[in-house]
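Observations on the three-dimensional arrangement
Residue-level listing of the chains:
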Amino acid sequence: TDGILTIRTFVDDEDVVLAIQDQGHGIDSETLEKIGTPFFTTKDNGTGLGLAVCYNIATRHNASINVDTGSGGTTFSIRFPIGDLQPSN
């Protein structure tokens, strides 16, 4: 189905936030528990590495990824601490 994907950046307290929001039907709780797990996929031809790589990149930059999901869509918010924008070793 067609929908709108909204990408926003903003400052919230001490974080720079990258928020990606869709208009889908949301993510069920069983899938939500496994999101970011290497090789877990809901796609027929997926590798299950996309979000695992994203979580790894976020960790290297001292960022966190939060997922807010419901019947009106899902928002992934990646929060980067303003005071610590350098990647960790």
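Residues numbered from 1 in each chain as written. Predicted model: local features only at pLDDT ≥ 70, side-chain atom pairs only at ≥ 80, totals over all residues. Heavy atoms only, no water.

Comments concerning the pairing of strand 1 (residues 6-12)
The sheet contact formed by strand 1 and strand 2 (residues 15-21) spans seven bridges and is antiparallel. Paired with Phe10 across the strands is Val17, a residue of strand 2. What sits between the antiparallel neighbours strand 1 and strand 2 is a turn of two residues, in which Asp13 has the positive phi angle 55 degrees. (Pairing = 2+ DSSP bridges. Helix = DSSP H or I, 4+ residues; strand = E, 2+ residues; numbered from the N terminus.)

Side note on the sheet that holds strand 2
Pairing is antiparallel across the open sheet formed by four strands, whose spatial order is 1-2-4-3. Either end of the sheet is taken by a strand with one partner, and the two such strands are strand 1 and strand 3 (64-70). Put simply, the sheet's adjacent strands are angled 20 degrees from each other on average, direction ignored. In this structure, strand 3 lies alongside strand 4 (residues 73-81), joined through seven bridges in antiparallel fashion. Within strand 4, the position partnered with Val67 by the bridge is Phe76. (Axes fitted to C-alpha atoms, helices over the stretch in contact; angles between N-to-C directions.)

The quantities given are spatial measurements derived from coordinates; they are silent on function.
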